[in-house]
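Observations on the model geometry
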Amino acid sequence: MAYTLVLIPPTQAAWRFDGPSFFIGLIVGLLIAGLLYLFRRPLSDGIETLRGRLRDLRERLSAGAERRYQEALRDRLIELHVGELAAPFEEVYLPPRLDPPPPRPSLSPERAESRSITLHQALLSTQRLGVLGLPGSGRTALLVYLAHAFLESETLNEVGLDEQRLPLLIHLAEIDWQVEYADPALGLIDAAIAHAPRLIAANLASLLRSKIASKGLLILLDGWDELAQADRDAAQAWLAALVKRAPQHRYVTTAAPDAIDLLRAVGFVPLSISPLQPRQIRALADRWASVAEGGASDAAMLAESMRQPPGAAPRPLDFTLAISVWRKRGNMPLTVPAAYDRWIDLALNESGVSDTAAARAVLGQLAWTLFETDRLITTRDETAALTGDSPPTPDGAGKASKSPADLANELATRSALFIPLGEGVAFAHRRIAAYLAATYARDTGQAMMLATRIDDPAWKDVVYFFAALEDPTPLVNAALARPDDLFRTMLKRLGSWASVAPPEAAWRNRVMGELVKLLMGPTTPEPLRDELLRTVVSTRDKSLALLFTRALARPEPSLKRLGLRGFGLMRREADAAAIAPFTADPDAEVRLEAVRVLGEIGGQAAVEALAQALLDLDDDARRAAAEALANCGKAGWELLREGATLVDEQDPDNVRIRRAVTYGLARIGESWARDLLLKLEREDRQWFVRSGATEALKSMSQDGGDGPAIDLTPLDKDNLGWLVQWSASKGQPIGLGKSAAQALQRALEDLDPTVRLAAVHSYAYLGDADIIPALRNRLQDDNPSVRAAAYRALAEIARRKSQVVPA
């Protein structure tokens, strides 16, 4: 019974109002309210002071995190500079120019001069820039340059933008593509802080999350073409999601030339890196000579070494390695493969490696394995497996040397051959890895295996270097046994192998015969002829001079121009005397080509011939002569300076000569030339000269990086202004979708070559693979401009759509 009573709750007392307690509480509440009102100002000030201190604390923590991130990024930029062995990046780097997009389609017969685009113009024209180029063309270096400019608040001086942004530079291989990110920014943040100290990683992640929510980032993405094939779809989807998630930031990404559609699909404007022009080469040579404390002769030697025949395809990376060797060892490698070979020796020696032969064997095996497995990164733990289990070999003193795994780990830790990437390391550049893989193929007899890889873009550089190191006859036979495409892609590749192979190689004659036969063929498209010419010149074959002399003796203007361009690419001063008479050729295009070639060759004989052309020829040729003189160094510059002072009373043609001279002065790019142009613009008595000076100054400003924004908006097939205009003139409604496509195809067959040319240019933009058969018909067009444009459009579409266009 007692147990039961314990479990029964007691009866709850009824609620009762307690008057005294109520009044006491009321009095206390009123007292507190009165005190708060009385001291409201001091309390408000105190609370605001506390909030300010908390805000200052947050800002200091944020500023501290940002400062530490910037310090980590500065260290990263040094790691990414392959030439750091020889010179600091900021002392030798020269930003590239970019190729203009295909001509905007128009019914206007007047075409503006196609000019390369400065980095300033590109960034001014779009918030999302895609930079296209082959490996070694300077894509990563451009990202490093931009990161450095924004990091040091030098954007106004360096790229002409008054912007303050925090740069994030990542390699896409550092993102784990097996993870499905709910927020694409998380992958970006993880990769951006991958090389920062781990102790501050959490603070940096918090900083970047807040930055992503604002407008203050420059997002630099590298390595699209270095991703494994299995990861590329995921990467594209991630980029699209990132741009949608954070459209307010500025983006610059790099990719291979075939990635145009990939970039356009996510709202990027793709532009390709242009080859170095003479003015850029001079400036770059001057920078390296200055770092080396050399003189004018050193700068001239470096400039000449960088002006190798364009078909040999030396790229900025190739120059950097070669000049680094010259800077540290005192002599310049004569070929591209030699530059890689000697730079690798330099990097090994700088790392303290004594047994370079063993190190090269390890590096070659590692590079080969990474290519075989389509990988870029290797972790240090994986190195032993990748380099095999071969035992240490005794050194000269009979002691055991380091094992391959230990040696590879040591090199990965403290040599210029590797950079940290993701959770592991990667070779400092994919093209360096390609050279090492080629040495492994040579040493282990992998020619037949490489013959199965000649169509694989990922192995292109490996095969190229192999042709310089070993007899590639099995590869040549395999290449010649298969049908080539319309653009003779495989034949041009064989020509690039011939450019680095020994002159006595038996297969070279066969390849040279095929190249020359197509080069001289009457039906070869002019753009293809120009590509083949560069390839042929790059071989440095001893019969080239005879070939071009015979071309000059032919009556066809196209073959005369071919011979002239060939001598121009060879750049031998002794050939100027043979070229000079062609400045008076009856054909205007031949005359212009001869004038341009004399500027390429340079030397006293070329300068004298150009001076005569400036006096005797028509206005177009005079302008070309003045611009050619700008490429001839000080001797040409003095003639231009003298031409600017000619007076009308001596010769009525002096007005036209002075106007032509203004365009030459613009090409020089020196401050004295600008001053002289300003004087002509203000003081010359002839409006004809003053207007030329104004135009030249505008051109000079654009070349210097001060050009205006350009129209890079994508074309819409349903809203092509020129097509609407043409259709209206024909009384035909254009319509949308299928109707617009049909109208564009009709324009391709119009009797007016201007209309056909506009249609071809439109297809080059739109990249419609279904139009390939109709474009092929335009290769036989009776208008040479349409024929050339059709070939270029076909090449563009084939590259973007991975289409094989049969020969």
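Everything that follows concerns the structure shown earlier in this document.
Here we summarise the structure given alongside this text. (Residues numbered from 1 in each chain as written. Predicted model: local features only at pLDDT ≥ 70, side-chain atom pairs only at ≥ 80, totals over all residues. Heavy atoms only, no water.)

**Brief notes about the pattern of salt bridges**
Counted according to the given criterion, the structure contains 48 salt bridges. Between Arg453 and Asp456 there is a salt bridge whose closest N-O contact spans 3.6 Å. A relative accessible area of 23% places Arg453 in the partly exposed class. In this structure, Arg534 and Asp530 form a salt bridge, with 3.4 Å as the shortest nitrogen-oxygen distance. Of the two residues, Arg534 and Asp530 both sit in helix H25 (residues 526-538), four residues apart, roughly one turn of that helix. The exposure class of Asp530 is partly exposed, given its relative accessible area of 25%. A single salt-bridge network, built from bridges that share partners, covers Glu526, Arg529, Asp530, Arg534, Arg565, Glu593 and Arg596. (Salt bridge = Lys/Arg side-chain N within 4 Å of Asp/Glu carboxyl O. Buried < 20%, exposed > 50% of the residue type's maximum accessible area, 1.4 Å probe, protein only. Helix = DSSP H or I, 4+ residues; strand = E, 2+ residues; numbered from the N terminus.)

**Concerning the environment of Leu775**
Relative to the assigned elements, Leu775 resides in helix H39 (residues 772-777). Classification of Leu775 by relative accessible area gives buried; the value is 0%. On a C-alpha basis, the gap between Leu775 and Gln745 in space is 9.7 Å, while along the polypeptide they are 30 residues apart. If sequence neighbours within four positions are ignored, Leu775 has contacts with Leu748, Val760, Tyr763, Ala790, Ala793, Leu794 and Ile797. (Contact = heavy atoms within 4.5 Å.)

**What to know about the packing of aromatic side chains**
Inspection of every chain in the model, using the stated rule, returns 15 aromatic pairs. Plain terms: the ring middles of Tyr340 and Phe465 are 4.9 Å apart, the flat faces sit at 55° to each other, and that makes the pair tilted. Here Tyr340 is found in helix H15 (residues 336-350), whereas its partner Phe465 is found in helix H21 (residues 460-469), with 125 residues between them in sequence. There is no split in this pair, since Tyr340 and Phe465 are both buried. With a centroid separation of 5.5 Å and 35° between ring planes, the pair formed by Trp368 and Tyr440 is classed as tilted. Linking Trp368 in helix H16 (residues 356-372) with Tyr440 in helix H19 (residues 430-444), this pair joins segments that are 72 residues apart in sequence. Note on Trp368: relative accessible area 3%, which makes it buried. Here a set of aromatic residues connected by ring pairs shows up, and it is made of Tyr340, Tyr435, Tyr464 and Phe465. (Phe/Tyr/Trp six-rings, centres within 6.5 Å; stacked < 30°, edge-to-face > 60°.)

**Quick word on unusual backbone geometry**
Phi is positive for Arg488, which is not a glycine, with a value near 50°. By the secondary structure assignment, Arg488 is in the loop between helix H22 (473-480) and helix H23 (489-500). With phi around 55°, Arg571 is a residue other than glycine that occupies positive phi space. Within the secondary structure layout, Arg571 lies in the loop between helix H27 (557-570) and helix H28 (576-579).

**Brief notes about the sheet that holds strand E3 (residues 217-222)**
Strand order in the open sheet formed by five strands is E2-E3-E4-E1-E5, and the pairing between neighbours is parallel. The open sheet terminates on both sides in strands that have one partner only, identified here as strand E2 (166-171) and strand E5 (269-272). Averaged over neighbouring strand pairs, the angle between their axes works out to 20° when direction is ignored. The pairing of strand E1 (residues 128-132) with strand E4 (residues 250-255) spans five bridges and is parallel. Each bridged residue has a counterpart across the sheet, and for Leu129 the counterpart in E4 is Val252. (Pairing = 2+ DSSP bridges. Axes fitted to C-alpha atoms, helices over the stretch in contact; angles between N-to-C directions.)

**Overview of the nonpolar core**
Trp343, Ile432 and Trp722 are the most contacted members of the largest nonpolar core, which has 154 residues in total. Not counting residues up to four positions away in its chain, the partners in contact with Trp722 are Pro105, Ser106, Leu107, Leu744, Ala747, Val755, Ala758, Ala759 and Ser762. Core analysis: the second largest hydrophobic core is formed by 72 residues, Val131, Leu218, Leu239 and Tyr251 among them. (Core = buried A, V, L, I, M, F, W, Y, C linked by side-chain atoms within 4.5 Å.)

**Observations concerning helix H6 (residues 139-151)**
The end-to-end C-alpha distance of H6, which contains 13 residues, comes to 18 Å, matching closely the 18 Å that a straight helix rising 1.5 Å per residue would cover. Counting buried positions over the 13 residues of H6 gives 10, a clear majority of the element. (Expected span 1.5 Å × (residues − 1).)

**Some remarks on the environment of Arg209**
Tracing the sequence through the fold places Arg209 in helix H9 (residues 201-213). Along the sequence, Arg209 and Ala185 sit 24 residues apart, while their C-alpha atoms lie 7.9 Å from each other.

**Let's talk about the pairing of strand E7 (residues 424-427)**
Pairing of strand E6 (residues 418-421) with E7, which is carried by four bridges, proceeds in the antiparallel orientation. When the bridges of E7 are listed, Leu421 appears paired with Gly424. A loop of two residues connects E6 with E7, the two strands running antiparallel in sequence, and Gly422 in this loop sits at a positive phi of about 60°.

**Points about helix H10 (residues 232-245)**
In this model, H10 (14 residues) spans 20 Å end to end at C-alpha, consistent with the 20 Å of a helix rising 1.5 Å per residue. Those residues of H10 that fall on the buried side of the exposure criterion are Ala235, Trp238, Leu239, Leu242 and Val243. Viewed end-on, H10 has its buried residues packed into an arc of 130°, placing them on one side of the element. Those residues of H10 that are exposed and angled more than 90 degrees off the buried face are Asp233 and Lys244. Here the buried face of H10 lies against E1, E2, helix H8 (184-192), E3 and E4. (Arc of directions from axis to C-beta.)

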